[in-house]
Amino acid sequence: MLGLEYFSFAALFSPLFLAFMLLVTAAYFVVIGPLSEKFADAEPVSIGKKIMFVSGMFFLYLAQGGPVSLLGHIMFTFHMTSMALSYLVATPLIMLGIPTWLWRAFDRVNPFRKLGFLTKPVVAAVVFNGLFSFYHIPAIHDYVMLHFAVHRLYYIVLFIAAALMWWTLINPLPEKHQASGLAKIGFIFLNMVLLTPACGLIIFSTQPMYATYSDPNTWAKAMGYCVSGDTSALLQTFGGPSFFYGLSTKVDQQLGGIVMKFIQEFIFASMLARVFFRWYKSENKEDDDDIIPTDLSDGSLNRA
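What counts, and where the lines are drawn
- Residues numbered from 1 in each chain as written.
- Predicted model: local features only at pLDDT ≥ 70, side-chain atom pairs only at ≥ 80, totals over all residues.
- Heavy atoms only, no water.
- Helix = DSSP H or I, 4+ residues; strand = E, 2+ residues; numbered from the N terminus.
- Buried < 20%, exposed > 50% of the residue type's maximum accessible area, 1.4 Å probe, protein only.
- Contact = heavy atoms within 4.5 Å.
- Areas by Shrake-Rupley, 256 points an atom, 1.4 Å probe, with all protein chains shown as cover.
- Lys, Arg positive; Asp, Glu negative; His and termini not counted.
- Charge placed at Lys NZ, Arg CZ, Asp CG, Glu CD.
- Phe/Tyr/Trp six-rings, centres within 6.5 Å; stacked < 30°, edge-to-face > 60°.
- Salt bridge = Lys/Arg side-chain N within 4 Å of Asp/Glu carboxyl O.
- pLDDT = per-residue confidence, 0-100.
- Core = buried A, V, L, I, M, F, W, Y, C linked by side-chain atoms within 4.5 Å.
- 1 Å grid on protein atoms, 1.4 Å probe; cavity = no way out; pocket = protein on both sides within 12 Å on 5 of 7 lines; lining within 4 Å.
- Points joined across faces, edges and corners; volume = space filled by probe spheres on them.
- Nonpolar A, V, L, I, M, F, W, Y, C, P; charged D, E, K, R; others polar.
- Axes fitted to C-alpha atoms, helices over the stretch in contact; angles between N-to-C directions.
- Parallel < 35°, antiparallel > 145°, perpendicular 65-115°, else oblique.
- Left-handed = near helix turned anticlockwise from the far one by under 90°.
- Expected span 1.5 Å × (residues − 1).

Q: Sorry, what's going on with the overall build of the protein here?
A: Summing up its helical and strand segments, the protein has 14 helices and 0 strands in all. Sequence-ordered secondary structure for the protein, helices as α and strands as β, is α-α-α-α-α-α-α-α-α-α-α-α-α-α. Counting only C-alpha atoms, the protein reaches 100 × 50 × 40 Å along its principal axes. Here the protein holds 304 residues, and the buried ones make up 42% of them. Considering only residue pairs separated by 6 or more positions, the protein has 78% of its internal contacts joining residues 24 or more positions apart. As displayed, the protein offers around 16,400 Å² of accessible surface, 69% of which is attributable to carbon and sulfur atoms. Positive and negative side-chain charges in the protein, numbering 19 and 19 respectively, have mean positions lying 6 Å apart.

Here it is, written out as structure tokens:
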């Protein structure tokens, strides 16, 4: 399917990255299990949190090391799917899967405490969406895709920026300052607006923007990130990325922009509904608490 049968197991599943992800997942279970007694405020971790962490690691592996990663070097649509899975799905799931007492332990030894301003809502939103939009400037995107060390570094920075962006909505440390429900709603709208220009330019572009997906020679070089050996052989065998799909490069590019925007809108709309419901419930509770109960101690209702 989609030409995956032409690639080796190593190209499809990135065994080294898979081993790394399994190692991190195993370390998570060791820390919240046998080693948890070393943390003074440790509590049992719920099944729900464990499922969220494992799911987050799975989606991150799928996007950055599994078949979606390989397809992301062939089709722009899958590239955007990979970005959405990495930073809008996997990142919050991993953060939600880490228990509060472990976040406190991280916070106590945090060497980047002086950079705490990066967690401020507006700053975090601008940094993540700015880095994402900057990456999708055609010249920048093609450069990153062709320079593998820069590629890895940029994706790590994007992951950190995504975590900072999600911090306002998740805030796993209750004792830290938390944004109000109304502020969170505004923050969600801000993120939805900030990503729109980049997706809009991609969706409404009248011509292919990225040489990685339109120029066979550039594509073959970029495939070196996934395929070992001489990637020029890919040109002799397939001729270019268009071999693997029936869409034109422009349509693939437009579809990629739509996929990214749709996933973002769906996730943030779901989060918006959740935040709004909790905020509305909290406001109504406060209103109920403000009502002064009638004093019936004088037994007035019992008078004839």
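Q: Where do I start with the packing of aromatic side chains in this structure?
A: Aromatic ring pairs are defined here through the distance separating the ring centres and the angle between the ring planes. Per the stated rule, a full pass over the model turns up 28 aromatic pairs. For the pair Phe-262 and Phe-266, a centre-to-centre distance of 6.5 Å together with 20 degrees between the ring planes defines the contact as stacked. Highlighted residues: Phe-262 and Phe-266, both in helix α14 (residues 249–290), separated by 4 residues, approximately one helical turn. When its relative accessible area of 55% is taken as the criterion, Phe-266 is described as exposed. Counting every residue linked through ring pairs, the aromatic cluster contains Tyr-6, Phe-7, Trp-219, Phe-238, Phe-243 and Phe-244.

Q: Can you walk me through the pattern of salt bridges in this structure?
A: When the charged atoms of two side chains lie near each other, side chains of opposite charge can form a pair. Overall, the coordinates contain 2 salt bridges when judged by the stated rule. Where Asp-41 meets Arg-104, a salt bridge forms, and the shortest distance between an N and an O atom there is 3.4 Å. One end of the pair, Asp-41, is in the loop between α2 (15–32) and α3 (47–64); the other, Arg-104, is in helix α6 (residues 100–108), with 63 residues separating them in the sequence. Taking the relative accessible area as the measure of exposure, Asp-41 reaches 27% and is therefore partly exposed. Across the pair Lys-261 and Glu-265 runs a salt bridge, and its minimum N-O distance is 3.1 Å. Residue Lys-261 and its partner Glu-265 are both found in helix α14; the two are separated by 4 residues, about one turn of the helix. For Lys-261, a relative accessible area of 13% translates into the label buried.

Q: What exactly am I supposed to notice about the confidence of the model for the protein here?
A: The predicted coordinates ought not to be read in detail in places where the model reports low pLDDT. Of all residues in the protein, 93% attain a pLDDT of 70 or more, and the chain-wide mean is 89. For residues 294–304, every residue scores under 50 in pLDDT, and the model assigns this stretch 2 contacts once sequence neighbours within four places are set aside.

Q: What is the right way to read the nonpolar core from this model?
A: Grouped together as the largest cluster of nonpolar side chains are 62 residues, with contacts concentrated most on Met-83, Trp-166, Ile-188, Met-260 and Phe-268. With sequence-adjacent residues up to four places away left out, Phe-268 is seen in contact with Leu-88, Met-165, Trp-166, Leu-169, Ile-188, Asn-191 and Met-192.

Q: Which parts of the structure should I look at to understand the layout of surface pockets?
A: The probe, sized like a water molecule, is rolled over the atoms to show the empty space still left. The space that makes up the second largest pocket amounts to roughly 690 Å³. Considering the residues around the second largest pocket, the lining is formed by 28 residues, among which Leu-169, Ile-170, Met-271, Arg-274 and Arg-278 are closest to the centre. Counting residues per element, the ones that place at least two in the lining of the second largest pocket are α5 (76–97), α9 (148–170), α10 (181–203) and α14. The greatest single-element share of the lining of the second largest pocket, amounting to 8 residues, is contributed by α14. Per-class residue counts for the lining of the second largest pocket are 18 nonpolar, 6 polar and 4 charged.

Q: Please clarify how the packing of helix α7 (residues 121–135) against α10 should be interpreted in this entry.
A: Packed helices, taken two at a time, are described by the angle between their axes plus the distance between the axes. Packing of α7 against α10 brings their axes to within 10 Å, and their N-to-C directions diverge by 20 degrees. Comparing the axis directions of α7 and α10 gives the class roughly parallel. In this structure, the crossing between α7 and α10 has a hand that is right-handed. Facing α7, whose interface residues are Pro-121, Val-122, Ala-125, Val-126, Asn-129, Phe-132 and Ser-133, α10 presents Phe-187, Leu-190, Asn-191, Leu-194, Leu-195 and Ala-198. Its residues placed into classes, the contact of α7 with α10 shows 10 nonpolar, 3 polar and no charged.

Q: Teacher, can you tell me more about α9 here?
A: Since the α-helix turns once every 3.6 residues, residues separated by three or four places project in the same direction. Here α9 is 23 residues long and its end C-alpha atoms lie 32 Å apart, about the 33 Å a rise of 1.5 Å per residue gives. Positive backbone phi, approximately 35 degrees, marks Asn-171, located one or two places after α9.

Q: Honestly, empty space enclosed by the protein in this entry has me stumped. Any pointers?
A: Within the structure shown, the criterion is met by 1 cavity of 30 Å³ or more. Approximately 70 Å³ is the volume attributed to the largest cavity. Lining the largest cavity, in full, are Ala-63, Gln-64, Val-68, Ser-69, Gly-72, His-73, His-79, Ser-82, Met-145, His-151, Tyr-155 and Tyr-225. Elements represented by at least two residues in the lining of the largest cavity include exactly α3, α4 (67–71), α5 and α9. Across the lining of the largest cavity, the residue classes break down as 5 nonpolar, 7 polar and no charged.

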